[in-house]
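Analysis of the macromolecular model
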Amino acid sequence: MEREYYEKPVIELKDVCMNFKVATSNTSGLKEYFIQRIKHQLTYRELKALDHINFNIYQGEVVGIIGTNGSGKSTLLKIISGALLPSSGLVNVDRKKVQLLTLGTGFDMELTAKENVYLNGSIIGYTKKFLDEHYDKIVEFAELKDFMEEKVKNFSSGMISRLGFSIATINDAAEILILDEVLSVGDEFFRRKSLKRIKEMIHGGSTVLMVSHGIETILDNCTKAVWIEKGKLKMIGTPKEVCKAYEEHRQ
């Protein structure tokens, strides 16, 4: 922990909160929803997804975020990357240096796999020229050479995940790499293959923040772990200490 006294963090979270409004009234369709809205009959409850989160991440750290489903892990990553704005609190990070890798977003099921390479790639921030130059490598890594003219709606979830992972990781790693459950794609062979690619990106010098439900992934790859439970910061420390406490909590 000595580095905190002389080194400026690359990611700094100060009292970060995220609240969502969740409708409590039941509506059977859009027409009824708008009628209730006009009559001010809609009622909501507040969901506190993140509750006063404070921690720092330093250059070169590989930080694993753990916690049960619905605890706010993915919400936290989206706030750090700039995809969401917090309800309150501060996030200090140079977002020009951030790359968020998350699967399953930016795909149109009615388009072909080839068309989705360009759609999804443009959402990530790749230029058409870059995608033209790397198209064959994306297809080769995803192992989908014979399926690129097929509509994605006909793909299995594993095929979609493989394509998404290949597109997301084709570029050189950013200075700050944020991984939202990208190591659970495809079959066992492809998971090993994707983990190898992520390790290459990690060892390329990036500061890494990852969410994974695989405790072994956290233990094998991270230098620090953060446990968030139901929106609250429960513990921060070495992966071994934090994962041990988390597993004892779940028993």
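My aim in this report is to walk through the structure given alongside it, one point at a time. None of the values given here were measured: they were computed from a predicted structure. (Residues numbered from 1 in each chain as written. Predicted model: local features only at pLDDT ≥ 70, side-chain atom pairs only at ≥ 80, totals over all residues. Heavy atoms only, no water.)

In terms of nonpolar packing, the biggest core is built from 24 residues, with L13, F55, I65, I80 and L209 touching the most fellow members. Only β1 (11-23), β2 (44-57), β3 (62-66), α2 (73-81), β6 (176-180), β7 (207-211) and β8 (224-229) provide two or more residues apiece to this core. With 5 residues, β2 is the single largest residue contributor to this core. Once residues lying within four places of it in the same chain are set aside, the contact partners of L209 are I57, V63, I65, L77, I80, L177, I178 and L179. (Core = buried A, V, L, I, M, F, W, Y, C linked by side-chain atoms within 4.5 Å. Buried < 20%, exposed > 50% of the residue type's maximum accessible area, 1.4 Å probe, protein only. Helix = DSSP H or I, 4+ residues; strand = E, 2+ residues; numbered from the N terminus. Contact = heavy atoms within 4.5 Å.)

Taking 1.5 Å per residue as the helical rise, helix α5 (residues 157-168) with its 12 residues ought to reach 16 Å, and the 16 Å between its terminal C-alpha atoms agrees with that figure. Of all 12 residues that make up α5, 9 are buried, and the element is covered over most of its length. Within α5, the full set of buried residues consists of M159, I160, R162, L163, G164, F165, S166, I167 and A168. If you follow the buried residues of α5, they end up packed against β5 (98-102), α3 (113-124), α4 (128-142) and α6 (188-202). (Expected span 1.5 Å × (residues − 1).)

Okay, α2 next. Among the 9 residues that make up α2, 7 are buried, leaving the element largely enclosed by the rest of the structure. Among all positions in α2, only K73, T75, L76, L77, I79, I80 and S81 are buried. Phi turns positive one or two residues past the end of α2, at G82, with a value near 95 degrees.

With mixed pairing, 6 strands are arranged side by side in an open sheet as β5-β6-β7-β3-β8-β9. The open sheet has two edge strands, β5 and β9 (232-237), and neither has a second partner. Across this sheet, the average inter-strand angle for adjacent strands is 15 degrees, counted without regard to direction. Pairing of β6 with β7 involves 5 bridges; the strand directions are parallel. Bridging across to β7, L179 finds its partner in M210. Packed on one face of the sheet, α2 meets β3, β5, β6, β7 and β8 and runs near 150 degrees to β6. (Pairing = 2+ DSSP bridges. Axes fitted to C-alpha atoms, helices over the stretch in contact; angles between N-to-C directions.)

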